[in-house]
Amino acid sequence: MTLKETLNRVRIMPNGAIVMDNILACDGHSHNAILRVITHAHSDHIIDLSKSVRFCRYVISTPVTFDLITVLKGIKIRRKIGLSYDIPFNINDYIIVLKRARHIPGAAQVFLESPDGITIGYTGDFKLPGTPPLDVDILVTEATYGMPNYVRPPPEIIKQTLFDLVRRSLRVGPVTILGYHGKLQEVMELLRKEFPEVPFLASKRVYLVSQVVRRHGMNIYDIWPLNSLEGREIEAYGHYIFFDHIMSRRQGRGIRIYLSGWLFNKPMKKIASKEYIVAFSDHADFNQLLEYITSCSPKIVIVDSTRSSCAPIFAKEVRKRLNLTAISLPR
Ligand SMILES: [Zn+2]
């Protein structure tokens, strides 16, 4: 397959839509596409969803993602198809499969097989381990951390660093954890296992998201909204972990821990007397991106430049290090 043929089949539009064979548009709207696929509930992946709800024949995503969108955005989606992982969906002789992506609850990769046998995949956002490689001819990948120096310590070290910091901090008072939806719940599940006796408090929306993912099987319990009666009692007692969105302006008490992927080469950084960044990310770092692409062994790699400013550099690194045809789109 030549690059020209590939570009006739896969486009990335400036609005962030990844359009495959003009049959489906992932994570953005295209008037030409019959289907809209949502890889996960983060806001940069549900762009123009209301347009797709009006104009596309179906909107496809995982049941968890649909529930999260309802809680976070309140968008009513008609003609939606909740597709579980690995269940094929057939339309116009195309086969569409959502594959697991380790990112936030409900996150999926997209696999498309066209009637002529060409296969196209899109990673959405992901990290390793826990994201199975897509066996495809054309691979569209995210590259949020696509610069060669965007490398983090092993996930296990970051996790233990977080546990140690929380343990030390709880000895002197409450702890506030700040992160994005989905990542917060992943960390809640880890901390619940490590600190089974410590009550959890959450801001209203973080609490609602937690209830959704709990219904879908995540092991999150003993958590109360900050503004509930129980929440205020726990707050007054002073021994708890409070979870809030990273953009929140609320001043949580005690030690504040920011979960951020934008810290490299070390697991933690102290930024003020009671504030720390822990390098807990839900995205692949540079090495994981290369590892993932290697395991997919595609013929052509397309890097999404609408969600990553380093996409052209990453495409160049893929050409150089993996000896694959790779471009970033849109150019
Ligand atoms: Zn995301």
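Quick caveat, the model's predicted, so the values are computed rather than measured. (Residues numbered from 1 in each chain as written. Predicted model: local features only at pLDDT ≥ 70, side-chain atom pairs only at ≥ 80, totals over all residues. Heavy atoms only, no water.)

The next subject is the domain arrangement of the protein chain. Split by domain assignment, the protein chain resolves into domain 1 (3-149 + 284-329) and domain 2 (155-278). Each of domain 1 and domain 2 has a C-alpha centre, and the two are 30 Å apart. With 16 residues of domain 1 at the interface, the matching set in domain 2 holds 17 residues. A buried area of about 1,300 Å², summed over both sides, lies between domain 1 and domain 2, and 66% of it is on carbon and sulfur atoms. If you sort the residues of domain 1 by the area they bury against domain 2, V71, L72 and Y145 come out on top, with a joint share of 39%. The interface formed by domain 1 and domain 2 includes two salt bridges. E186 is the partner of K127 in a salt bridge, and the nearest nitrogen-oxygen pair spans 3.0 Å. Across the contact surface, domain 1 and domain 2 share six residue pairs in polar contact (both at pLDDT 80 or more). (Domains from an automatic or database assignment. Contact = heavy atoms within 4.5 Å. Buried area = accessible area lost by both parts, 1.4 Å probe. Salt bridge = Lys/Arg side-chain N within 4 Å of Asp/Glu carboxyl O. Polar contact = N/O pair within 3.5 Å; in protein donor to acceptor, adjacent residues only side chain to side chain.)

For the rest of this paragraph, the subject is the sheet that holds strand 1 (residues 10-12). Pairing within the open sheet is mixed, and its six strands lie in the order 1-2-3-4-5-6. Where the open sheet ends on each side, the last strands, each with one partner, are strand 1 and strand 6 (80-82). Strand-to-strand twist of the sheet, defined as the mean angle between neighbouring strand axes without regard to direction, takes the value 20°. In the sheet, strand 3 (residues 24-26) pairs with strand 4 (residues 35-37) via three bridges, with the strands oriented parallel. Note on strand 4: the bridge partner recorded for L24 is L35. Sitting on the sheet, helix 3 (residues 63-73) touches strand 5 (58-61) and strand 6, and the angle it makes with strand 5 is about 105°. (Pairing = 2+ DSSP bridges. Helix = DSSP H or I, 4+ residues; strand = E, 2+ residues; numbered from the N terminus. Axes fitted to C-alpha atoms, helices over the stretch in contact; angles between N-to-C directions.)

Every protein donor of the zinc ion is accounted for by H40 (NE2), H42 (ND1), H103 (NE2) and D125 (OD), and the metal-donor separations fall at 2.1 to 2.3 Å. Considering all four donor atoms around the zinc ion, angles at the metal cover 89 to 165° and the coordination shape is irregular. All donors of the zinc ion come from a single chain, and their spacing in sequence reads H-x1-H-x60-H-x21-D. Neither residue differs from the other here; H40 and H42 are each classed as buried. (Donors = N, O, S within 2.8 Å, 3.2 Å for Na, K, Ca; no water. Tetrahedral: all angles 85-135°; square planar, octahedral: opposite > 155°, others 65-115°. Buried < 20%, exposed > 50% of the residue type's maximum accessible area, 1.4 Å probe, protein only.)

Time to look at the packing of helix 5 (residues 183-194) against helix 6 (residues 204-215). At a minimum axis separation of 10 Å, helix 5 and helix 6 run at an interaxial angle of 70°. On the basis of their axis angle, the class for helix 5 and helix 6 is roughly perpendicular. Regarding helix 5 and helix 6, the two cross each other, and that crossing is right-handed. For the pair helix 5 and helix 6, contact is made by L184, Q185 and M188 and by V206, V209, S210 and V213, respectively. When the residues that make up the contact of helix 5 with helix 6 are grouped by side-chain class, the tally is five nonpolar, two polar and no charged. (Parallel < 35°, antiparallel > 145°, perpendicular 65-115°, else oblique. Left-handed = near helix turned anticlockwise from the far one by under 90°. Nonpolar A, V, L, I, M, F, W, Y, C, P; charged D, E, K, R; others polar.)

Time to look at unusual backbone geometry. The peptide bond linking L128 to P129 adopts the cis configuration, its omega dihedral lying at -10°. Of note, the bond from L329 into P330 is cis; its omega dihedral lies within 30 degrees of zero at -10°. For P330, the location among the structural elements is in the segment after strand 20 (325-329). Positioned with a positive phi, N22 is a non-glycine residue whose angle comes to about 55°.

Burial of strand 9 (residues 108-113) is extensive: five of the six residues sit out of reach of the surface. One ladder, built from six bridges, connects strand 8 (residues 94-100) with strand 9; its direction is antiparallel. When the bridges of strand 9 are listed, L98 appears paired with V110. In this structure, strand 9 lies alongside strand 10 (residues 119-122), joined through four bridges in antiparallel fashion. Each bridged residue has a counterpart across the sheet, and for E113 the counterpart in strand 10 is T119. In this antiparallel pair of consecutive strands, strand 9 and strand 10, the connection spans five residues, and G117 shows a positive phi of 90°.

What follows deals with the sheet that holds strand 12 (residues 175-179). Strand order in the open sheet formed by seven strands is 14-13-15-12-16-18-17, with mixed pairing between adjacent strands. The sheet terminates laterally at strand 14 (223-225) and strand 17 (268-272), the two strands that pair on one side only. Along the sheet, successive strands turn relative to each other by an average axial angle of 25°, direction set aside. The pairing of strand 17 with strand 18 (residues 275-278) spans four bridges and is classified as antiparallel. Bridged to K270 within strand 18 is Y276. Against the sheet, helix 5 touches strand 12, strand 13 (200-202), strand 14, strand 15 (241-245) and strand 16 (255-259), its axis set at about 170° to strand 15. Packing against the sheet, helix 7 (residues 229-237) makes contact with strand 13 and strand 14, and its axis sits at approximately 105° to strand 14.

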